[in-house]
Amino acid sequence: MAAESNLEQHFILRVQNAELAGKLRAWLRDKAAVDNISLVFDQCTNPRWGALTVDGVQHGVVLQDMPTVVESYKTLDDANLVKAADIGQVLLVIDPDMSDQQLPFESPDGVTPPMRKARARHFRPPINLPHAVMQDAVNDVVEMLSGRAPDGYTFHDVEEEFVVDPMTGEGRWQQVKPGKQRAAAVAAADASGAGGGRQQRVAKRKTKAAVSDEDEADFDGMTESE
């Protein structure tokens, strides 16, 4: 807890040595009172470098900046979460067997597995393209926004439908054939009011042709009443 404010200051402790990590995790899980651990930083040469001493064994520590800011939460009832702090740095405890490696001050990885090598994958350096190529791309976008095709290209309206194979159960998008498009349009028109009236008139004509001549007058009277 900072002395001058009520804001909590959090950091992530990342340990390369598996044995040391298990020991620290057991202390935190058991909430044990530990006196044989200390952490100091080099305030003279580089304040990002330090040393973590556990049971008389010294381990190198480097303070790295994370690729993104991570939020930490706390709970009192295991149901409601309250944001406690924003975490932007990680303390990396170096394995004694790898103490001679040169570590950057920017962490290449995030916290979770999907954020592995996030700095290299999501924060790539800008692409250096010639000005003429960029201007051509801008002109093509302006042409498309205006409803015109860029030079050397043509627009084609394609209608697709998702077709499921009844044998395998797998589906894929397929282009609708022109004849099928017309059939779909006719079916849509029949589903509306105009299509329903046409079917009724056809049914009446078929029914009228089936009756005899002497019943024709009665049928006409029924049609007019309807």
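Preceding this paragraph is the structure being described.
Predicted model, so just to flag it, every value in this text is computed and none were measured.

K.L.:
Just to check I follow, could you spell out the overall build of the chain for this structure?
P.N.:
Secondary structure summary: the chain contains six helices and seven strands in total. Counting from the amino terminus, the chain carries its helices and strands in the arrangement β-α-β-β-β-β-α-α-β-β-α-α-α. Here the chain holds 226 residues, and the buried ones make up 15% of them. Considering only contacts in the chain between residues 6 or more positions apart, those separated by 24 or more positions represent 43%. As displayed, the chain offers around 18,000 Å² of accessible surface, 54% of which is attributable to carbon and sulfur atoms.

K.L.:
Looking at this model, I keep getting lost on a nonpolar patch on the surface. Mind explaining?
P.N.:
On the surface, a cluster of nonpolar side chains totalling about 400 Å² of accessible area is made up of Ile-127, Leu-129, Val-133 and Met-134. Within the secondary structure, Ile-127 sits in the loop between α2 (118-122) and α3 (131-145).

K.L.:
What's the story with the sheet that holds strand β5 (residues 82-93) in this structure? I'm lost.
P.N.:
Pairing between the strands of a sheet comes from backbone hydrogen bonds, and it takes one of two forms, parallel or antiparallel. One open sheet holds the five strands; their spatial order is β1-β5-β4-β3-β2, and the pairing between them is mixed. Two strands bound the open sheet, and with one partner strand each, they are β1 (12-15) and β2 (37-41). Adjacent strand axes in the sheet meet at a mean angle of 35°, parallel and antiparallel pairs treated alike. Here strand β4 (residues 57-74) runs beside β5; their pairing, made up of ten bridges, is antiparallel. Paired with Asp-65 across the bridge in β5 is Gln-89. On top of the sheet, helix α1 (residues 18-30) reaches β1, β2, β3 (49-54), β4 and β5; it is set at about 140° to β1, its chief contact.

K.L.:
Looking at this structure, I do not really get the nonpolar core. What am I missing?
P.N.:
The nonpolar side chains of a soluble globular protein tend to be buried with one another. By size, the foremost hydrophobic cluster in this structure holds eight residues: Leu-20, Leu-24, Leu-52, Val-54, Val-61, Leu-63, Leu-91 and Val-93. Contributing elements (two or more residues each) for this core: α1, β3, β4 and β5. Ignoring sequence-local partners within four residues, the contact set of Leu-91 consists of Phe-11, Ile-12, Leu-13, Arg-14, Leu-39, Phe-41, Val-61, Val-62 and Leu-63.

K.L.:
Is there a simple way to think about the pattern of salt bridges in this case?
P.N.:
One pass over the full model with this rule turns up six salt bridges. Residues Asp-55 and Lys-23 are paired through a salt bridge, measuring 3.0 Å at the closest nitrogen-oxygen approach. In this pair, Asp-55 sits in the loop between β3 and β4 while Lys-23 sits in helix α1, placing the two residues 32 residues apart along the sequence. Two residues, Lys-83 and Glu-71, come together in a salt bridge whose shortest N-O distance is 3.3 Å. Of this pair, Lys-83 sits in strand β5 while Glu-71 sits in strand β4, placing them twelve residues apart in sequence. Where salt bridges share partners, they join Glu-71, Lys-83 and Asp-86 into one cluster.

K.L.:
How should I be thinking about α1 in this particular structure?
P.N.:
Turn by turn, an α-helix covers 3.6 residues, leaving residues three or four places apart pointing in a common direction. Helix length check: α1, at 13 residues, gives a terminal C-alpha distance of 18 Å against a target of 18 Å (1.5 Å per residue), a fit within 8%. Tucked into the core, α1 has its buried residues touching β1, β2, β3, β4 and β5. The distance from a side-chain oxygen at the start of α1 to the backbone nitrogen of Glu-19 is 3.1 Å, and the residue carrying that oxygen is Asn-17. Remark: Lys-31 follows α1 within two positions and exhibits a positive phi of approximately 50°.

About the thresholds
Residues numbered from 1 in each chain as written. Predicted model: local features only at pLDDT ≥ 70, side-chain atom pairs only at ≥ 80, totals over all residues. Heavy atoms only, no water. Helix = DSSP H or I, 4+ residues; strand = E, 2+ residues; numbered from the N terminus. Buried < 20%, exposed > 50% of the residue type's maximum accessible area, 1.4 Å probe, protein only. Contact = heavy atoms within 4.5 Å. Areas by Shrake-Rupley, 256 points an atom, 1.4 Å probe, with all protein chains shown as cover. Patch = residues over 30% accessible without salt bridge, like charges linked within 9 Å, V, L, I, M, F, W, Y side chains within 5 Å. Salt bridge = Lys/Arg side-chain N within 4 Å of Asp/Glu carboxyl O. Pairing = 2+ DSSP bridges. Axes fitted to C-alpha atoms, helices over the stretch in contact; angles between N-to-C directions. Core = buried A, V, L, I, M, F, W, Y, C linked by side-chain atoms within 4.5 Å. Expected span 1.5 Å × (residues − 1). Polar contact = N/O pair within 3.5 Å; in protein donor to acceptor, adjacent residues only side chain to side chain.

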